[in-house]
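# A look at the structure
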Amino acid sequence: MWDVYVYFSLLFLSLACWLSRFRDLSPALKALGVPLLATLVMEGYAAYLMFQMTNTVWLYHFITPVQYTLYAFVFYHGLAGAGIKKTVLVSVPLYLLASLFIILQLQSSSEYNSYARLMKDALIVCCALVYYWEVFTKLQVIRLAREPMFWVSTGLLFYSLGNFFADGLMNQLLEQSYRLAHAVFYINVFLGLLLHATFLVAFWLTREQPAVPPCKTVLP
Amino acid sequence: MMTFLQAVPDELFMVAVGTALFLLLGVFIALMTLTYQKKRLEHQEEVSALVEAYQKEILQAQLEMQEDTFRSISQEIHDNVGQVLSLVRLNVSMMAHSRAMDLEQKVSNSKELLDQAIQDLRGLSRRLNSKYVLGQSLTALLGQQMKLLLRTGAVEASFEATGEEGENTFTSEKKLIIFRIAQEALSNVIRHAAASRVTTRLEFRPDRMILSISDDGKGFAAPGPSLNRKISHGTGIHNMRYRAGLVGASLQIVSEPGAGTQVRLELPIT
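Everything numeric here is computed off the predicted structure, so don't read it as measured data. (Residues numbered from 1 in each chain as written. Chains lettered and ligands numbered in written order. Predicted model: local features only at pLDDT ≥ 70, side-chain atom pairs only at ≥ 80, totals over all residues. Heavy atoms only, no water.)

As a further point, take the overall build of chain B. Assigned secondary structure in chain B consists of 8 helices and 5 strands. Counting helices and strands in the order they occur from the N terminus, chain B gives α-α-α-α-α-β-α-β-β-α-α-β-β. Burial statistics for chain B: of 270 residues in total, 39% are counted as buried. Restricting the contact set of chain B to residue pairs at least 6 apart, pairs at least 24 apart contribute 67%. In the structure as shown, chain B presents an accessible area of about 16,300 Å², 58% of it carried by carbon and sulfur atoms. (Helix = DSSP H or I, 4+ residues; strand = E, 2+ residues; numbered from the N terminus. Buried < 20%, exposed > 50% of the residue type's maximum accessible area, 1.4 Å probe, protein only. Contact = heavy atoms within 4.5 Å. Areas by Shrake-Rupley, 256 points an atom, 1.4 Å probe, with all protein chains shown as cover.)

Residue Met 53 of chain A is not a glycine yet carries a positive backbone phi of 65°. Counting through the fold element by element, Met 53 of chain A comes out in the loop between α2 (27–51) and α3 (57–78). Note on Met 53 of chain A: relative accessible area 77%, which makes it exposed. Despite not being glycine, Ala 194 of chain B has its phi angle at roughly 50°, a positive value. Given a relative accessible area of 66%, Ala 194 of chain B falls into the exposed group.

With that settled, consider the environment of Asp 120 of chain B. Looking at where Asp 120 of chain B falls in the secondary structure, it is placed in helix α3 (residues 100–128). Contact partners of Asp 120 of chain B, with chain neighbours within four places excluded, come to Asn 80 and Val 81 of chain B.

All right, on to the interface of chain A and chain B then. Counting from both sides, the interface comprises 29 residues of chain A and, opposite them, 22 residues of chain B. Summing the contributions of chain A and of chain B, the shared interface buries around 2,400 Å²; its carbon and sulfur component is 79%. One can count 1 salt bridge joining chain A with chain B. The partner of Glu 45 of chain B in a salt bridge is Arg 143 of chain A, with the nearest N and O atoms 3.1 Å apart. Linking chain A to chain B there are 6 residue pairs in polar contact (both at pLDDT 80 or more). Residue assignment for the side of chain A that touches chain B shows that the elements contributing at least two residues are α5 (114–137), α6 (148–176) and α7 (178–205) of chain A. The element best represented in the side of chain A that touches chain B is α6 of chain A, accounting for 13 residues. Partitioned by chemical class, the residues of the side of chain A that touches chain B number 22 nonpolar, 5 polar and 2 charged. (Buried area = accessible area lost by both parts, 1.4 Å probe. Salt bridge = Lys/Arg side-chain N within 4 Å of Asp/Glu carboxyl O. Polar contact = N/O pair within 3.5 Å; in protein donor to acceptor, adjacent residues only side chain to side chain. Nonpolar A, V, L, I, M, F, W, Y, C, P; charged D, E, K, R; others polar.)

Residues and elements named next belong to chain B. The sheet contact formed by strand β1 (residues 156–162) and strand β2 (residues 197–204) spans 7 bridges and is parallel. Residue pairing for β2: Ala 161 is matched across the bridge by Leu 202. Tracing the backbone out of β1, into helix α6 (residues 172–193) and back to the parallel element β2 gives a crossover that is left-handed. (Pairing = 2+ DSSP bridges. Right-handed = clockwise from strand over helix to strand, strands pointing away.)

Another aspect to go through is the pattern of salt bridges. Residue and element names in this part refer to chain B. Counted according to the given criterion, the structure contains 11 salt bridges over all chains. A salt bridge links Arg 180 to Glu 64, with the nearest nitrogen and oxygen atoms 2.8 Å apart. Here Arg 180 is found in helix α6, whereas its partner Glu 64 is found in helix α2 (residues 10–95), with 116 residues between them in sequence. On the accessibility criterion, Arg 180 (7% relative accessible area) is buried. Judged by its relative accessible area of 16%, Glu 64 falls in the buried class. Arg 243 is the salt-bridge partner of Glu 64, the closest N and O atoms lying 3.0 Å from each other. You can see Glu 64 sitting in helix α2 and its partner Arg 243 sitting in helix α8 (residues 237–246), a full 179 residues away along the chain. Each member of the pair, Glu 64 together with Arg 243, is buried.

Within the largest apolar cluster, 62 residues are counted, with the highest numbers of intra-cluster contacts made by Phe 75, Tyr 131, Val 152, Leu 156, Phe 199 and Phe 203 of chain A. Apart from the residues lying within four places of it in its own chain, the contact partners of Val 152 of chain A are Leu 29, Leu 32, Val 74, Phe 199 and Ala 202 of chain A. (Core = buried A, V, L, I, M, F, W, Y, C linked by side-chain atoms within 4.5 Å.)

Residues and elements named next belong to chain A. Interaxial distance between α3 and α5 falls to 10 Å at its minimum, and their mutual angle equals 10°. In terms of axis orientation, α3 runs roughly parallel to α5. Where α3 approaches α5, its residues Tyr 60, Thr 64, Gln 67, Tyr 68, Tyr 71 and Phe 75 are matched on the opposing element by Ala 116, Arg 117, Lys 120, Leu 123, Ile 124, Cys 127 and Ala 128. Residues of the contact of α3 with α5, tallied by class, amount to 9 nonpolar, 2 polar and 2 charged. (Axes fitted to C-alpha atoms, helices over the stretch in contact; angles between N-to-C directions. Parallel < 35°, antiparallel > 145°, perpendicular 65-115°, else oblique.)

Below, the structure written as C-alpha cells:
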C-alpha cells in the first residue's frame, strides 16, 4: 500500500511544482501538467476502486489512450522539426483508432490492455529518441543536464523501455499466477516513481524569470 | 543459487532480464547524449576563448604598433624635421647680413631644406595613418623598420626578402601579429644584445613563410623552449611565442653566449 501513497505524493508534488512555476515554463512543460492532472484524477479514481476491492483493469483501457494523447502533445511542443511535429500529431488519431480496434476486437475491457500499452510504450520511446536525435543534430549547443525537456524525455524513455516486458507479458503472468503478476507490477510502480521524479527535476530546473526592474527616469 | 533460479518462473526471469536490458539501453543512450553534448559545449567554449584571445592580441598588437609609431615619429620630428627647420631658421636669420651672392645660395639651401622637411612630414603623416600601415605588405613594413633602425646609427642593419608574391595569402591581422613579433625581436637586439649588426631575412616558400632575425651580439645561455623565466619575461619571449602560436606559427630561438642570437619564425601557408 505504501507504494500507492508514495506514487501519489510524488505526482502531487510534481503538479504543485508545475503550478507554482507555470508562468516561467516552456510550452512543452506547460503541456506536461495536463497528462499529470489527468493521471492524478484517473489513477486516483482507480486507486479508490482498488481500495473498494473493485477490478480496475477496464479503466486502463481509457487511461492509456488519454495518457498517450497528452504526452504526444508534450513532444509536439518539445520537438523542433516541423515534419516530426506533424508525425507526432498524426500518430494520435492513429493510436486512438488502434486502441479502439484493440478493445473491440483483441482485448476486451475485462482483460489487461497489454497491446495498447505496448503501442504506447513504443511510440513514446520513438518520441524520446527523436528528441535525442535532435540534440545530436541541432547546431545549438546546450547544457543538457539543465535542460528540462531532456529530463522529461529521459524519464519517459526509461518508463516506457522498462515497462515494455512487464506490460507485454502481464496477461500471460495473470493467467499463471496473480502473485507473479503482482511481483512484476512492482516494476511499473518503481518506474512510475522514477518518471515523476524526473518530471519534478524538469519543473525544478525551470528558472524563475527575473522581474523587470521599474524604469527610472533620470532628469538632466 | 541454482535452486533460487530454478524456483523463479521463466516468465518472471524473462521480464526481469528483458527490463534490465532495456533500461540499460536507455541509460546508455541518455549518457551517450549527455557526454556528446558536454564535449560539444567544452569545444565551443574552447573555440570562443581562443577567438577572444586572438581578438585581444590583435587589439594589443595594434596598440603597441601605434605606440611604436608615435615614439618613432616623435624621434623623427626631433632628429630630422626639427633639425632641418632649425637650419632653415638659421639661414633666414643670416640673410639680413649676407651679400647678394650668398643670399641667393642661402635661399636655394633653405628651399632644399624646406623640401626635405615637407617630404619628411609627408612620410610621417603616412605612417600615422593606421589603414596605410595595415595596407602595406609585410616586406614593406619590415623594410621601413630596418631603415629606421639603420638611421638610429646604433647598429648596421640589413634586410633581404624573397618570394614576396606568396604574401598575398595573409590576412592583415596575421601580418600585424608577425610584424609585432619582428618588432619585439628587433627591440631585444637594441636593448639587450649589444650587437653591431642585425640581419632580417623574410622568405616566402610555396608551403611556408620563414622570418629570421639574427644578430652578432653577446647572446645568452639556456636557449630553446626551456628558457628561464627571467629571460622569458624580461625580453618578451613568452609574448612572442604566445603570439606565434595564435597565428599557427612556430618560434625558435637559437643563442649561445658570445655567438649572437637568431630568432626564427616559421608559418605554414595554407
